[in-house]
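Residues per chain are reported as follows:
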Amino acid sequence: MSGKTAILASSAVRETSVVGFQLDAVEGPGRGQHWESQNDHCTIGHHPSCDMVLDDATVSRFHCEITIGDKGTQVRDLGSSNGTVLDGVRIASAFLKRGSLLRLGRSALRFQYMDKRNPIALANRNEFGLLAGRSVVMRAMFALLERAAITDITILLEGETGTGKSAAARSIHMESPRKDGPFVMLDCGAILANLLESELFGHERGSFTGADSARVGAFEEASGGTVFLDEIGEIPISLQSKLLSVLENREVRRLGSNQQIPVNVRVIAATNRDLRAEVNAGRFREDLYYRLAVVTIKVPPLRQRLEDLPILVETLLSRMGTPDERIASIATPDFMGSLRGAAWPGNLRELRNYLEQYLVFEDILPSSLIAATAQSDAPFSVDVSLPLSEARQQAMAEFERRYLTELLQAHSGKVSQAAAQAGVDRTYLYRLLRRHKLRN
């Protein structure tokens, strides 16, 4: 967690700790400079917001970061111009050892562990809104989320695809004073660039071809509540200045209008990219990044929280409508052991899909599937003349198509509402709809 977010964790009632480390500049313009860690994280660069600031023109604004984890202390290059060299080898990511030498442009830093340990605050809970987890990494995140939720501060959620950033955003809203207001999600990566401005800010009738009536954008729709900008790293550079203006002034101007409309919203953004690397590459505005990253919270991948598998399996199966006795029969030590051996590159989304398939092929269907099958004109059947693997694929495809069809009908074609009902994020639902040719 960064220095900015460490302040937010002060209200948590429990703590753990990580070993401290120090960096000493031994070459370059800042030779003699000394820095000591206060938590588990350090960003190095020449931008004033970095934890260790190097006044060196050959060092990028956000050059690299150091993070202490369960497997050791890792350094990761942030798309720097001149690269990060660890003990003579240029790296993208690598583990540090005591006495390692980091070269960043003309500067060289000596890494050393310290005798002291730095405290990390933990929440005294295993759930936060829609999120569940008993692991240290999750309870550390809950400590940040619960303190940030009660404010109107802008939050940037970072994490790999499928880690649950959408659920984290919705959970912040659920635990905030704005919980009775609307929660409006906009997937910036799923909307064509020429339509995104209208989706964000709205438009007036006749403002462009096809604009037959006026409509409000996401910011106006979320008035009194929360607007969640998913995949914010996909927003075109041409729109970034307009979004920055809205964040600074809390006013929107619809396409085709000269009127500024005040908006009262809390903003949460999410990305699976590292926006600092995008800033270095010139693809993301630095000033917009700082408006979004007032507090940055990283959602951990599943491989870093495998001890949470029991509570995750129970929670996901329960949300699928699985009876308690069936959950107990599935969540055995042997079953959990098999899950721990998987890589889970798709994170929680992959785990959820796996459990859905497991239920189908064990002939125990979640209530939603039973309803979708019962309402379909075609009976649910299998072709025993096919190989088992092919029959499984056909059964799953048929289930998905029927379920999605009924889901959209139940919500009058509104994908956001359908995704919320199904317990999936909108990006994933769009992919399924395109896969089954239910949406272009």
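Reading the values: the criteria
Residues numbered from 1 in each chain as written. Predicted model: local features only at pLDDT ≥ 70, side-chain atom pairs only at ≥ 80, totals over all residues. Heavy atoms only, no water. Salt bridge = Lys/Arg side-chain N within 4 Å of Asp/Glu carboxyl O. Helix = DSSP H or I, 4+ residues; strand = E, 2+ residues; numbered from the N terminus. Pairing = 2+ DSSP bridges. Axes fitted to C-alpha atoms, helices over the stretch in contact; angles between N-to-C directions. Parallel < 35°, antiparallel > 145°, perpendicular 65-115°, else oblique. Contact = heavy atoms within 4.5 Å. Nonpolar A, V, L, I, M, F, W, Y, C, P; charged D, E, K, R; others polar. pLDDT = per-residue confidence, 0-100. Core = buried A, V, L, I, M, F, W, Y, C linked by side-chain atoms within 4.5 Å. Buried < 20%, exposed > 50% of the residue type's maximum accessible area, 1.4 Å probe, protein only. Phe/Tyr/Trp six-rings, centres within 6.5 Å; stacked < 30°, edge-to-face > 60°.

S.K.: I keep staring at the pattern of salt bridges and nothing clicks. Help me out?
M.R.: Two side chains of opposite charge can pair, provided their charged atoms sit close to one another. All chains considered together, the criterion is met by 22 salt bridges. For Asp152, the salt bridge identified is with Arg178, shortest N-O distance 2.9 Å. Highlighted residues: Asp152 in the loop between helix H2 (136-149) and strand E14 (155-158) and Arg178 in the loop between helix H3 (165-174) and strand E15 (183-187), separated in sequence by 26 residues. The salt bridge partner of Glu199 is Arg215, with a shortest N-O separation of 3.3 Å. Here Arg215 lies in the loop between helix H4 (193-201) and helix H5 (218-221) and Glu199 lies in helix H4, a separation of 16 residues in the sequence.

S.K.: Explanation requested: the sheet that holds strand E19 (residues 266-271) in the structure shown.
M.R.: The strands that make up a sheet are held in pairs by hydrogen bonds between backbone atoms, and each pair lies either parallel or antiparallel. Read from one edge of the open sheet, 5 strands run E15-E16-E19-E14-E20, paired in parallel fashion. Here the strands that pair on one side only, and so sit at the sheet edges, are E15 and strand E20 (295-298). Going across the sheet, the axis of each strand differs from the next one's by a mean of 20°, ignoring polarity. Pairing of E14 with E20, which is carried by 4 bridges, proceeds in the parallel orientation.

S.K.: Explain the packing of helix H9 (residues 309-319) against helix H11 (residues 333-340) here, please?
M.R.: For any two helices packed against each other, the geometry comes down to the angle between their axes and how far apart the axes lie. At their nearest, the axes of H9 and H11 sit 10 Å apart, and the two run at 105° to each other. Relative to H11, H9 is oriented roughly perpendicular. Side by side, H9 and H11 meet where Leu309, Pro310 and Val313 of the first sit next to Phe335, Met336, Leu339 and Arg340 of the second. Considering only residue class, the contact of H9 with H11 consists of 6 nonpolar, no polar and 1 charged.

S.K.: Is there a simple way to think about the environment of Leu131 in this case?
M.R.: Tracing the backbone shows Leu131 in strand E13 (residues 131-132). Once the C-alpha coordinates of Leu131 and Ser171 are considered, the two residues, 40 residues apart in sequence, prove to be 7.2 Å apart. Leave out the neighbours within four places in its chain, and Leu131 touches Asn126, Met141, Phe142, Leu145, Gly164, Ala167, Ala168 and Ser171.

S.K.: Would you mind showing me how to read the confidence of the model for the chain here?
M.R.: Atomic detail in the predicted coordinates should be set aside for any region of low pLDDT. Residue-level pLDDT values for the chain average 87, and 90% of them are 70 or greater. By mean pLDDT, the top-scoring element of the chain is strand E10 (residues 101-104) (98), and the lowest-scoring one is helix H13 (residues 367-375) (40). Note that residues 1-11 has pLDDT below 50 and, in this model, 27 contacts with residues that lie over four places away or in other chains. Overall, residues 363-378 carries pLDDT values under 50, and its contacts beyond four positions in sequence, including any with other chains, amount to 22 contacts.

S.K.: I would appreciate a short explanation of the nonpolar core in the present structure.
M.R.: Across soluble globular proteins, nonpolar side chains show a tendency to be buried alongside one another. Counting residues in each nonpolar core, the largest one holds 36 residues, and the members touching the most others are Leu200, Phe219, Leu229, Ile232 and Phe284. Counting residues per element, this core draws most heavily on helix H6 (residues 237-249), at 5 residues. Other than its neighbours up to four places away in sequence, Leu200 contacts Leu186, Gly217, Ala218, Phe219, Leu229, Ile235 and Leu239. With 25 residues, the next largest nonpolar core counts Ala25, Val59, Cys64 and Leu86 among its residues.

S.K.: Help me out: how do you make sense of the packing of aromatic side chains in this one?
M.R.: The geometry of an aromatic ring pair comes down to the distance between the two centres and the angle between the two planes. Enumeration over the complete set of coordinates arrives at 13 aromatic pairs. Taking 6.2 Å as the distance between ring centres and 25° as the angle between the ring planes, the aromatic pair formed by Phe201 and Phe219 counts as stacked. Residue Phe201 is found in helix H4, and its partner Phe219 is found in helix H5; the two are separated by 18 residues along the sequence. Phe219 carries the same exposure label as Phe201, and that label is buried. Centre to centre, the rings of Tyr289 and Tyr290 are 5.0 Å apart; their planes meet at 70°, and the pair counts as edge-to-face. Among the aromatic residues, those joined into a ring-pair cluster are Phe21, Trp35, Phe111 and Tyr113.

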